[in-house]
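The primary structure of each chain is shown beneath.
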Amino acid sequence: MSGIQNIFDISGRAMSAQMTRLNTVASNLANARSFADSKEEAYVAIKPLFETEYASHAQTSGLATVNVRGIVPSNLEPNRVHLPQHPKADAAGYVWGSAVNVEEEMVEMLEASRQYQNNLEVVSTLRSLMMRTVNMGR
Amino acid sequence: MNSIRDHFGIHDDALTLRSKRNNILASNIANAATPHFKARDVDFEASLAAVMPSGLISTSNNRHIAQAGNSTGGGLLYRTPINPSLDGNTVELAVEQMEFSENVVRYQSSLTLLNRKISGLMSAIKGE
């Protein structure tokens, strides 16, 4: 990856990290009510793993942005639900429901979208400052 | 050239430092959700005093009041959080947003003052 030079690198990458987070939330919510034959096949919620990426000159400039190191499954366990009329139900009438906590995902969605907005606001503020600086002395 | 530079006073240095500080605060806001990230900031007055050619105001008489010197020298510091969070992140969005908006306003005032000085110089050059 190329180095972190300016505000567009910092906030742009932070925004794409938050967008990854929103995408995982969307996947989790979409699968909140999906059922599977076995515990292994059941959907488990996924979470992005954020890490700080420092600029090479971070010791003097203090610049740092966010990097998504990977997407990891959460430690929630799929739960066994009694749904005898479900086509995937076993002999005892049970299916495996996905391991997604809907309330937690909604909170995650709100937080990610607020932080996306914050970064966007920073970029647009600094961009207008840059335009005014370019026009200095006119 | 030097007299024109002197005419601008501290505002050109202030503008550069404000822009650096804006980038640092943007880094903090970008890392608001990263575990173990420690928010950084600079002591603006100390950094400005460090880059000014004259440095702190000198005193030549014992009745002069010395300017309060700052020992930090304008380096990068770590922010002390008011309410530290459990994941080791010391970014507090409210604090960072306030600092950012204050810094933006101060950048704009330095920019406006520079613009006034430039237009003053221009009208002196044109002699209209």
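On a predicted model such as this, the values are computed, not experimentally measured, just so you know. (Residues numbered from 1 in each chain as written. Chains lettered and ligands numbered in written order. Predicted model: local features only at pLDDT ≥ 70, side-chain atom pairs only at ≥ 80, totals over all residues. Heavy atoms only, no water.)

K.L.:
Would you take a moment to explain the interface of chain A and chain B for this structure?
P.N.:
In many analyses, interface size is given as the accessible surface area lost on bringing the parts together. Contacts between the two partners involve 30 residues from chain A and, on the opposite side, 26 residues from chain B. Looking only at chain A, the three residues that lose the most surface to chain B are Leu129, Arg132 and Met136 of chain A, adding up to 22% of its buried area. Viewed at the interface, chain B and chain A are joined by 0 salt bridges. Linking chain A with chain B are 6 residue pairs in polar contact (both at pLDDT 80 or more). Secondary structure elements with two or more residues in the side of chain A that touches chain B: α1 (7-30), β2 (46-54), α2 (58-61), β3 (64-73) and α3 (102-134) of chain A. Among the elements that line the side of chain A that touches chain B, the one with the most residues is α3 of chain A, at 9 residues. In terms of residue class, the side of chain A that touches chain B is built from 13 nonpolar, 13 polar and 4 charged. (Contact = heavy atoms within 4.5 Å. Buried area = accessible area lost by both parts, 1.4 Å probe. Salt bridge = Lys/Arg side-chain N within 4 Å of Asp/Glu carboxyl O. Polar contact = N/O pair within 3.5 Å; in protein donor to acceptor, adjacent residues only side chain to side chain. Helix = DSSP H or I, 4+ residues; strand = E, 2+ residues; numbered from the N terminus. Nonpolar A, V, L, I, M, F, W, Y, C, P; charged D, E, K, R; others polar.)

K.L.:
Where do I start with the pattern of salt bridges in this structure?
P.N.:
Here the structure, examined in full by the defined rule, presents 13 salt bridges over all chains. Here Asp90 of chain A ties to Arg80 of chain A by a salt bridge, and the two come within 3.7 Å at their closest N and O atoms. You can see Asp90 of chain A sitting in the loop between β4 (79-82) and β5 (94-97) and its partner Arg80 of chain A sitting in strand β4, a full 10 residues away along the chain. In this structure, Glu96 of chain B and Arg79 of chain B form a salt bridge, with 3.0 Å as the shortest nitrogen-oxygen distance. Of this pair, Glu96 of chain B sits in helix α4 (residues 93-126) while Arg79 of chain B sits in the loop between β2 (76-78) and α4, placing them 17 residues apart in sequence. You'll find Glu96 of chain B and Arg79 of chain B in the same group, each marked buried. Because the salt bridges share partners, they merge into one network encompassing Arg21, Asp41, Arg79, Glu96 and Glu99 of chain B. (Buried < 20%, exposed > 50% of the residue type's maximum accessible area, 1.4 Å probe, protein only.)

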